[in-house]
Amino acid sequence: MTIPSESIGSIPRSPELLGALAAHESGQLGDQAFEAVLTRAVRETIEQQAAIGANVVTDGEQRKPSFVTYPIAGAENLSPDGVVIPFADGHQRQLPCLTSGPFRYQTHAESYLRAARECTSLPVKQAVIAPSALSLLYPSSGIDGYSRENFLEDLVNEAEADIRGCLDAGAHVVQLDFTEGRLSLKLDPSGQVLRDFVELNNRVLARFSESERARIGVHTCPGGDQDSTHSLDVDYAELLPVLFRHTAGNFYVQLASETDPDRVLRVIADHLPPGARVFVGVTDPIDPRVESAEEVRDRVLRAAQYLPADRLGTCDDCGFSPFADDQSTSRRTAFAKIRARLEGTALAAEQLGVGFPAARSSQEAQRPAAVE
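Residues numbered from 1 in each chain as written. Predicted model: local features only at pLDDT ≥ 70, side-chain atom pairs only at ≥ 80, totals over all residues. Heavy atoms only, no water.

**Quick notes on the packing of aromatic side chains**
- Here the structure, examined in full by the defined rule, presents 8 aromatic pairs.
- Taking the centre distance of 5.8 Å and the plane angle of 70 degrees together, the rings of Tyr 70 and Tyr 112 count as edge-to-face. Note that Tyr 70 is positioned in the loop between helix H2 (31-51) and strand E2 (78-79) and Tyr 112 in helix H3 (residues 110-117), a separation of 42 residues in sequence.
- Residue classification places Tyr 112 among the buried positions, given a relative accessible area of 8%.
- Ring pairs connect the aromatic residues Phe 103, Tyr 105, Tyr 138 and Phe 151, which therefore count as one cluster.
- Its end group placed over the ring of Phe 323, Arg 93 keeps NZ or CZ at 4.0 Å from the ring centre.
- Over the ring of Tyr 236 we find Arg 182; its NZ or CZ atom is 3.9 Å from the centre of that ring. (Phe/Tyr/Trp six-rings, centres within 6.5 Å; stacked < 30°, edge-to-face > 60°. Helix = DSSP H or I, 4+ residues; strand = E, 2+ residues; numbered from the N terminus. Buried < 20%, exposed > 50% of the residue type's maximum accessible area, 1.4 Å probe, protein only. Lys NZ or Arg CZ within 6 Å of the ring centre and 35° of its normal.)

Here you go:
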């Protein structure tokens, strides 16, 4: 029995990569040179995770324009005037809007996973956007000749392919990013939108076997962009019982930034599905202060008062840079927080008398793995 620890996904891009992104977008950097920068960014990100003891790594989403729009980047049937997501500090993100059918992914996350697996022999986790988030692309006014149900069927097919491609390519686990879940209760306090979101996600999950769903997880947080959130004021007690209706094997729950973690842990303990594991957030990516290993240890021990150790894992509250242009957190700070999470989880596991998965040697972790 062990207490696993995983990143949520994104890690801040380096100045070199940010510069290359701008130069490529403006046409000043060619595709081949840009690809070389991306490959180097992924390799360096994975190597740094391995160097600080991670036993499951991610590519840090170095290749994604954002955690939500990667599947549709470059699609021609979109307009920029979609749903607006307001953040507490006053800034906004706006989704595009679908203008015509059919709906198709332009990029599947499998391509990111395969590129990452070429850099390491460690298990690689892959984050994908939940279909519920992409359902927001369909306009409320409808589309002539392309009904919402036609759109949702296309979306379910594309989301299934996104997840299945990652599982087949050897992902350690596939994580559905479901940050719109908590936000939905702010937009619709009745909870019907949230229930519709979960039902849609479960339409996709129903296409996978029980053993496959054991390698699929769902992540929830109140957003984490430019050191601000969009729904931290929404009561978790309204979200979590519905969130846990997802037929997934793992859940990743932001917790470090909650003001009353004991209350949240009681809700988790009461509603976590049998056999599922919950990864609780023990570091806060939007707090510039780096947690100590001992602080993380104490957060894990607190969680273990409510949850069996064999159903417990740790994670960061959310990604460190879910949108590529978010420079609010430095790579140095992100990796320091990841180190604290790993070391603190190991300290807690030792105190609880359970194992903590050991990372492979630095040389072994950096050796390329065979890709199917």
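Moving on from the model shown.
**Digging into the environment of Val 57**
- Summarising the element assignment, Val 57 is placed in the loop between H2 and E2.
- On the basis of relative accessibility, which here comes to 0%, the residue Val 57 falls in the buried class.
- In this structure, the C-alpha to C-alpha distance between Val 57 and Phe 34, residues 23 residues apart in sequence, is 23 Å.

**Looking at the packing of helix H9 (residues 236-243) against helix H10 (residues 261-271)**
- Packing of H9 against H10 brings their axes to within 9 Å, and their N-to-C directions diverge by 25 degrees. Overall, the two elements H9 and H10 adopt an arrangement that is roughly parallel. The chirality of how H9 crosses H10 is right-handed. Judged by residue contacts, Tyr 236, Ala 237, Leu 240 and Pro 241 of H9 engage Arg 263, Val 264, Val 267, Ile 268 and His 271 from H10.
- Looking at the contact of H9 with H10 residue by residue, the class counts come to 7 nonpolar, 1 polar and 1 charged. (Axes fitted to C-alpha atoms, helices over the stretch in contact; angles between N-to-C directions. Parallel < 35°, antiparallel > 145°, perpendicular 65-115°, else oblique. Left-handed = near helix turned anticlockwise from the far one by under 90°. Contact = heavy atoms within 4.5 Å. Nonpolar A, V, L, I, M, F, W, Y, C, P; charged D, E, K, R; others polar.)

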